[in-house]
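Structural description and commentary
Residues per chain, in single letters:
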Amino acid sequence: MSDARDTATVGLSGRRLVLGVAGGIAAYKAAELCRLFVKAGASVRVVMTAAAARFIGPLTLQALSGHPVSQDLFDPGTEAEIGHVRLADEAELIVIAPATADCIARLAAGLADDLLAAVVLAGRGPVLLAPAMNVNMWENPLTQANLARLLGPAGGGRFSTVGPDRGELACGWIGAGRLIEPAEIAAAAARLLAPGDLSGRRVVVSAGPTREPIDDVRFIGNRSSGKMGAALAASAAARGAEVTFLAGPGTPAVAAGPGRVTRVPFETAADLERALADAADGADAVVMAAAVADFRPRARAAGKLSRRAAGAPTLELVEVPDLLAGLGGRRRQSGKPGPFLVGFAAEVAGGSAMDERAGAKLREKGCDAVVANDVGAPGIGFDAADNAVTVLFADGARADIPRASKRAVADRLWDLFAPRLAELARG
Ligand code: PMT
């Protein structure tokens, strides 16, 4: 057990961290996180909010970090040398655990009236948020909007999250909102500081639905929100990849970086096919998270079909070419080993039925891996914040990723794919 954890945090050795602690019941777990950081060889400066100090004594964190704990924006001792700017400048990574709803809201608003918010605002480096709060506060659209603001372009590509976990909460409710285990937070921090394992790789990620026009105002679409693909694109960029992000209608924005993200919008499967033809050439990996139509109306009617003019129309559908299978076929013909091709399989069954159908897609489409998700299960799949997937590889390997946020699932997927991309690049 400890071996795996030590390996996960090995990249923290010698790194300078600020550990921000906001005021929630999970603040006591900051002590264990601080201990893990120090054990991994990181230098840790703890910044606590006034509310956090009501949940855990600063002396505990001072003893564990080996440094005085900073609490006050107006501390005459440290602010004589503009302490908040110094803390921000020196930190290679700011980790906020727990990040409460209030803390997230304050950061999203760009406030700087307490030391922790001021340090974040004054910094330029990455910030890892480990949210923890009551499930209703977590699911409140205001909290989600605040988080989306930080994770989107307004956050400047600096913010990422780890957790929260689901389970029994201190308030007695059961659901999402529990602080993820400190070892997971430490591993995520190490990943963020890792010398991007996708640095120098060109990856293509497709996301979101296609819309196949019936007439000029109506279309056949599907329930894909683009969140899964956006999480994959953001995760790849965070690890240094140059990402071509093929984004269907409604797909969220993805902040760059350190890797670059080029967003190419598409509407129909034909648009996506053209975009793929451009982007896949020379790419190291193509990940098809988009929900692409299998059928489309044979013809697009001009204007708006009118029931008064012609009654209910009969739609004739024709098959849409399988784009992923097309990529697999072209790669086979070219005799080249790349790009590494990843399909998603949206199945309405779990267990062995899902494995079987996803395995058939893996073979038929000629890809290297298929990520199967049970889109019939509640709370995951289409338009959900979370996902749970099984990855089947063409070489017979397999991995189960249990239910987690789509970003956490995306991070795990790249953990699995990155070494295979490196192998492919070595030839
Ligand atoms: O977007 P979200 O709301 O976050 O939801 C995520 C998701 C459920 C859409 C995603 O996780 C997912 O499963 N995406 C694949 C959806 C899908 O089209 O599955 P499929 O089993 O029908 O297709 C298998 C693979 O073939 C997919 O990689 C698909 O992109 C590809 N395909 C399908 C049809 C087609 N004409 N061309 C294709 O390339």
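Keep in mind that this is a model prediction, so the values were computed, not measured.

What follows is about the pattern of salt bridges. In the structure shown here, the tally under the stated rule is 26 salt bridges. Of the charged contacts in the structure, one is a salt bridge between Arg106 and Asp102, with a shortest N-O distance of 4.0 Å. Separated by 4 residues within a single helix, Arg106 and Asp102 lie in helix α6 (residues 101-108), roughly one turn from each other. On the basis of relative accessibility, which here comes to 19%, the residue Arg106 falls in the buried class. Across the salt bridge formed by Asp386 and Arg166, the nearest N and O atoms sit 3.9 Å from each other. Of this pair, Asp386 sits in strand β18 (residues 386-393) while Arg166 is found in strand β6 (residues 165-168), placing the two residues 220 residues apart along the sequence. By sharing partners, the salt bridges in this structure join Asp102, Arg106, Asp113 and Asp114 into a single network.

Take the domain arrangement of the protein chain next. Structurally, the protein chain comprises domain 1 (2-193) and domain 2 (202-426). The C-alpha-based centres of domain 1 and domain 2 are spaced at 33 Å. Domain 1 puts 6 residues into the contact, and the matching count from domain 2 is 9 residues. Summed over both partners, the interface of domain 1 with domain 2 buries about 690 Å², with 50% contributed by carbon and sulfur atoms. Interface area lost by domain 1 to domain 2 is led by Gly157, Arg166 and Arg191, which between them contribute 53%. Taken together, domain 1 and domain 2 are joined by 0 residue pairs in polar contact (both at pLDDT 80 or more). For the side of domain 1 that touches domain 2, the per-class residue count stands at 2 nonpolar, 2 polar and 2 charged.

Moving on: the site of the ligand. Around the ligand, the surrounding shell holds 30 residues, and the nearest of these are Ser224, Ser225, Lys361, Asn373 and Asp383. In the environment of the ligand, an oxygen atom lies 2.8 Å from a nitrogen or oxygen atom belonging to the backbone of Leu324. Between the ligand and the protein, one listed contact pairs an oxygen atom with a side-chain N or O atom of Asn373 at 2.5 Å. Summarising the interface, the protein chains cover 96% of the accessible area of the ligand, which totals 770 Å² for the free molecule. If you list the elements that add at least two residues to the shell around the ligand, you get α11 (227-238), α14 (323-334), β16 (340-347) and α15 (351-365).

Before going further, it helps to examine helix α12 (residues 269-280). Two residues of an α-helix separated by three or four positions point the same way, owing to the 3.6 residues in each turn. Look at α12: 15 Å from first C-alpha to last across 12 residues, which is about the 16 Å you get at 1.5 Å a residue. Inspection of α12 places Ala269, Leu272, Ala275, Leu276, Ala279 and Ala280 among the buried residues, and these make up the whole buried set. Down the axis of α12, the buried set is contained in an arc of 120 degrees. They therefore lie on one face. Exposed residues lying more than 90 degrees from the buried face of α12 are Arg274 and Asp278.

In this section: the side chain of Ser224. Along the chain, the position of Ser224 falls in the loop between β10 (219-220) and α11. Reaching out from Ser224, the side chain makes a polar contact with the backbone nitrogen of Gly226 at a distance of 3.4 Å. Those residues in contact with Ser224 that lie beyond four places of it in its chain are Gly208, Pro209, Ala291 and Phe382.

Going from Gly163 to Pro164, the amide bond is cis rather than trans, its omega being 5 degrees. Following the sequence through the fold, Pro164 ends up in the loop between β5 (159-161) and β6. Geometrically, the link from Gly338 to Pro339 is a cis peptide bond, its omega value of 0 degrees lying close to zero. Along the chain, the position of Pro339 falls in the loop between α14 and β16.

Time to look at the packing of helix α2 (residues 29-39) against helix α3 (residues 58-65). Interaxial distance between α2 and α3 falls to 9 Å at its minimum, and their mutual angle equals 10 degrees. Taken as axis vectors, α2 and α3 run roughly parallel relative to one another. Note on element contacts: α3 touches α2 through Thr60, Leu61, Leu64 and Ser65, opposite Ala30, Ala31, Cys34, Arg35 and Val38. Considered class by class, the residues forming the contact of α2 with α3 number 6 nonpolar, 2 polar and 1 charged.

With that out of the way, let us pick up the side chain of Asp368. Mapped onto the fold, Asp368 is located in the loop between α15 and β17 (369-374). A distance of 2.6 Å separates polar atoms of two side chains, one belonging to Asp368 and the other to Arg331. With residues up to four places along the chain from it excluded, the contact list for Asp368 reads Arg331, Pro339, Phe340, Leu341, Leu362, Leu392, Phe393 and Ala394.

Moving on: the pairing of strand β3 (residues 93-99). Counted residue by residue, β3 has 7 buried out of 7 residues, so it is predominantly covered. With burial as the criterion, each face of β3 is covered, one bearing Leu93, Val95, Ala97 and Ala99 and the other bearing Ile94, Ile96 and Pro98. Where β3 lies against strand β4 (residues 127-131), 4 bridges are found, and the strand directions are parallel. Residue Ile96 lies in a different strand from β4, and its bridge partner there is Leu129.

What follows is about the layout of surface pockets. Volume-wise, the second largest pocket comes out at about 860 Å³. Ala290, Ala291, Val292, Phe344 and Ala346 are, among the 38 residues lining the second largest pocket, the residues nearest its centre. Only α11, α14, β16 and α15 provide two or more residues apiece to the lining of the second largest pocket. In the lining of the second largest pocket, the residues fall into 19 nonpolar, 11 polar and 8 charged.

Attention shifts here to the nonpolar core. Judged by nonpolar contacts, the single largest core of 38 residues is most densely connected at Leu232, Val243, Phe245, Val391, Leu413, Trp414 and Phe417. One finds Ala30, Ala52, Val162 and Ala189 within the second-largest nonpolar core, a separate group that totals 37 residues.

The rules we used
- Residues take numbers from 1 onward in each chain, read along the sequence in its written order.
- Only residues with pLDDT of 70 or above have their local features reported here, since the model is predicted, and side-chain atom pairs are shown and tallied only from 80 upward, although totals for entire chains, interfaces and linings are computed over all residues.
- The side-chain quantities take in all heavy atoms of the structure and omit both hydrogens and water.
- Salt bridges are defined by distance alone: a side-chain nitrogen of Lys or Arg within 4 Å of a carboxyl oxygen of Asp or Glu.
- Secondary structure elements are taken from DSSP: a helix is a run of H or I of four residues or more, a strand is a run of E of two residues or more, and numbering for both begins at the N terminus.
- Buried residues are those whose accessible area, probed at 1.4 Å on protein chains only, stays under 20% of the maximum for their type, while exposed residues exceed 50% and partly exposed ones sit between those limits.
- The domain limits used here are those given by an automatic or database domain assignment.
- By the convention used here, residues are in contact when the closest approach between their heavy atoms is within 4.5 Å.
- By definition, the buried area sums, over both parts, the 1.4 Å-probe accessible area that each loses when the two are put together.
- Polar contacts, as counted here, are pairs of nitrogen or oxygen atoms within 3.5 Å of one another; within protein the pair requires one atom able to donate a hydrogen and one able to accept it, and residues that are adjacent in sequence qualify only if both atoms are side-chain atoms.
- Residue classes follow a fixed rule: Ala, Val, Leu, Ile, Met, Phe, Trp, Tyr, Cys and Pro count as nonpolar, while Asp, Glu, Lys and Arg count as charged, and any other residue, Gly among them, counts as polar.
- Definition of nearness: a residue and a molecule or strand are near each other if at least one heavy atom of the residue lies within 4 Å of the molecule or strand.
- Accessible surface area values rest on a Shrake-Rupley calculation with a 1.4 Å probe, where residue burial reflects the displayed protein chains alone.
- Helix span is expected to be 1.5 Å times the residue number reduced by one.
- What the arc describes is the spread of directions from the helix axis to the C-beta atoms.
- Where helices are involved, their axes are fitted lines through C-alpha atoms of the stretch in contact, as for all axes, and angles between N-to-C directions lie from 0 to 180°.
- Each angle gets one of four labels, with under 35 degrees taken as roughly parallel, over 145 as roughly antiparallel, 65 to 115 as roughly perpendicular, and the rest as oblique.
- The pairing criterion for strands is at least two bridges between them, as found by DSSP.
- In this analysis a 1.4 Å probe is tested at points of a 1 Å grid over the protein atoms alone, and where it fits but cannot get out there is a cavity; an open set with protein on both sides within 12 Å along at least five of seven lines is a pocket; lining residues have an atom within 4 Å of a point.
- Grid points are joined across faces, edges and corners, and a volume is the space filled by probe spheres set on the points.
- Remark: nonpolar core denotes a set of buried residues (Ala, Val, Leu, Ile, Met, Phe, Trp, Tyr, Cys) joined through side-chain atoms within 4.5 Å.

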